[in-house]
Amino acid sequence: MKVWLLLGLLLVHEALENVTGQHLPKNKRPKEPGENRIKPTNKKVKPKIPKIKDRDSADSTPKTQSIMMQVLDKGRFQKPAATLSLLAGQSVELRCKGSRIGWSYPAYLDTFKDSRISIKQNERYGQLTLVNSTSADTGEFSCWGQLCSGYICRKDEAKTGSTYIFFTEKGELFVPSPSYFDVVYLNPDRQAVVPCRVTVLSAKVTLHREFPAKEIPANGTDIVYDMKRGFVYLQPHSEHQGVVYCRAEAGGRSQISIKYQLLYVAVPSGPPSTTILASSNKVKSGDDVSVLCTVLGEPDVEVEFTWIFPGQKDERPVTIQDTWRLIHRGLGHTTRLSQSVITVEDFETIDAGYYICTAQNLQGQTTVATTVEFS
C-alpha cells in the first residue's frame, strides 16, 4: 500500500515539472490558487515625509559674493583674507571682478593725491595698485560692483570685497600721525574714537591717562578696542575728558602714541542754536550800528552765516565779519562759539528795517531776525 502511495506522489511531481518547467524547491509545498504569496508581518514601519525646500526662506536674503582677488608673483591669484600683514615697501595689486567697480582705501593716500596708488577699470575687472608702501598706508581696502542707469550709479551690496592690510615697518608700531597732538570731542549722543591704530596685528595695545597717570581699562562696556579704529568710547561723558595716550607692545618692543586731548561737548547735535542782538534798535542819522548773530554748537561742527538787510537791494555798503573760538562752560564742557557781525556806517533811512541772519550746519539751519528803526 505504501509503495503505491509513493509512486503516486512521484507521478504528480513529474507532471507539475512538465507544466511549469521549474523544479519545486525542497521542503516547500505548492501554493493553492488564490493563496496570499506575501507573508503577513507585525513590524511597524514609520512613514517617511519628503522634505520640501523652502524657496522663499532661501531666496529672501541675497548671498554676498566676494569679488576681490590679490595678485601674487608669477601671475598667481588668491582671495585675500580679512586681514593681511605685509612688509612696508612691498607692492600690492588687488582686482575686483566687474565692468564697473568702486574703490575705498585709507584716506591718507588721498591727502596729497599720492601717485603711489593707481586705479584702472578694465573690461572685466577693476584694478588697484599700490607701490612703495609705508606703515601710514595701513587700513581697509575695499571694492564693490556698481549698478548704473545712465550717469546714476548705486552700490551692488551683493558683490563686494575687502581686506585690512597691516604694513609693518621697523620702528613703527603705530600708524604715523601728521601731528604730535590731536583733539577728540566727546559727544554724549554718539561714539568717540581715540585712533590708536597699529601696524602689527599681534601688538598688545593699552590706553593711558596722562594725569593722574594710570591705565584706562577697555572693559567692553564703556570702552572697547577695535584694531581697525582704535579705542572706542561707547557712551562718552564728562568724566572721560583729559589727556590720554596709547602704548603698544610687540616682539619685545614698545612704543607710545601721540597724545590726545579729550574734550566733552556741552551742546547736543542738531541745527544751530542761534541768537541775534543789535547794538541799538533805534539809530540816529549818521550813526553806526552793528547786529551780532551768535551760535553755540559742537566744537568740530562748522557754521555758515548769511544775511538779508534793508539796504541790500540798493547795494548799500556794509561790513560782515565771521569768527569762532572754543569756550569752556564749566564742568569741563567745551562749546564752539561762532559769531557773525554786520556793521552799517553812517545810518540812513534806507537802512531801517529787518536784519535777518541764517546760520547753517550739517544738521540744518536756523533763521533769526531783529529790527533797527530810524530815530
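Residues numbered from 1 in each chain as written. Predicted model: local features only at pLDDT ≥ 70, side-chain atom pairs only at ≥ 80, totals over all residues. Heavy atoms only, no water.

In the annotation of an unreviewed UniProt entry, the protein is listed under the name Platelet-derived growth factor receptor-like protein and assigned to Rhinopithecus bieti. In UniProt, the protein has this text filed under Subunit (unreviewed entry): "Forms a complex composed of PDGFRL, TNK2 and GRB2." According to the UniProt record, the Subcellular location (unreviewed entry) comment for the protein is "Secreted". (UniProt positions renumbered as here; feature names shortened; annotations may be inferred.)

Engineer: Sorry, what's going on with unusual backbone geometry here?
Structural biologist: Phi is mostly negative for residues that are not glycine, and the peptide bonds are mostly trans. Note the cis peptide between Phe 211 and Pro 212, where omega equals -10°. With respect to the secondary-structure elements, Pro 212 resides in the loop between strand E13 (204-209) and strand E14 (214-216). Of note, the phi angle at Asn 132 is positive, near 50°, even though the residue is not glycine. The residue Asp 346 is not glycine, and still its phi comes out positive at about 55°. Here Asp 346 shows up in the loop between strand E25 (333-344) and strand E26 (353-361). (Helix = DSSP H or I, 4+ residues; strand = E, 2+ residues; numbered from the N terminus.)

Engineer: Would you take a moment to explain the environment of Asn 281 for this structure?
Structural biologist: Position of Asn 281 among the secondary structure elements: in the loop between strand E20 (273-278) and strand E21 (282-283). C-alpha separation for the pair Asn 281 and Ser 375, spaced 94 residues apart in sequence, amounts to 9.2 Å. If we skip the residues at most four places from it in the chain, Asn 281 touches Thr 370, Thr 371, Val 372 and Glu 373. One polar contact links Asn 281 to Thr 370, side chain to side chain, over a distance of 3.3 Å. (Contact = heavy atoms within 4.5 Å. Polar contact = N/O pair within 3.5 Å; in protein donor to acceptor, adjacent residues only side chain to side chain.)

Engineer: Where do I start with the packing of aromatic side chains in this structure?
Structural biologist: For any pair of aromatic rings, the description consists of the separation of the ring centres together with the inter-plane angle of the planes. Tallied over the entire structure, the rule returns 3 aromatic pairs. Between the aromatic rings of Phe 347 and Phe 374, the centroid separation amounts to 6.2 Å while the plane-to-plane angle is 15°, which identifies the pairing as stacked. One end of the pair, Phe 347, is in the loop between E25 and E26; the other, Phe 374, is in strand E27 (residues 364-374), with 27 residues separating them in the sequence. Judged by its relative accessible area of 0%, Phe 347 falls in the buried class. Its relative accessible area of 39% is what places Phe 374 among the partly exposed residues. Seen from the ring of Trp 144, Lys 155 lies directly overhead, with NZ or CZ sitting 5.1 Å from the centre. A cation over a ring is seen here: Arg 336 above Trp 324, with NZ or CZ 3.7 Å from the ring centre. (Phe/Tyr/Trp six-rings, centres within 6.5 Å; stacked < 30°, edge-to-face > 60°. Buried < 20%, exposed > 50% of the residue type's maximum accessible area, 1.4 Å probe, protein only. Lys NZ or Arg CZ within 6 Å of the ring centre and 35° of its normal.)

Engineer: Would you mind going over the sheet that holds strand E8 (residues 125-130) with me for this structure?
Structural biologist: In sheet architecture, strand pairing relies on hydrogen bonds along the backbone and comes in two forms, parallel and antiparallel. A sheet is described by the order of its strands in space; here 5 strands give the open sequence E3-E2-E5-E8-E7, paired in antiparallel fashion. The open sheet has two edge strands with one neighbour each: strand E3 (77-78) and strand E7 (117-121). The pairing of strand E2 (residues 68-71) with E3 spans 2 bridges and is classified as antiparallel. Residue pairing in the sheet places Val 71 in a bridge with Phe 77 of E3. (Pairing = 2+ DSSP bridges.)

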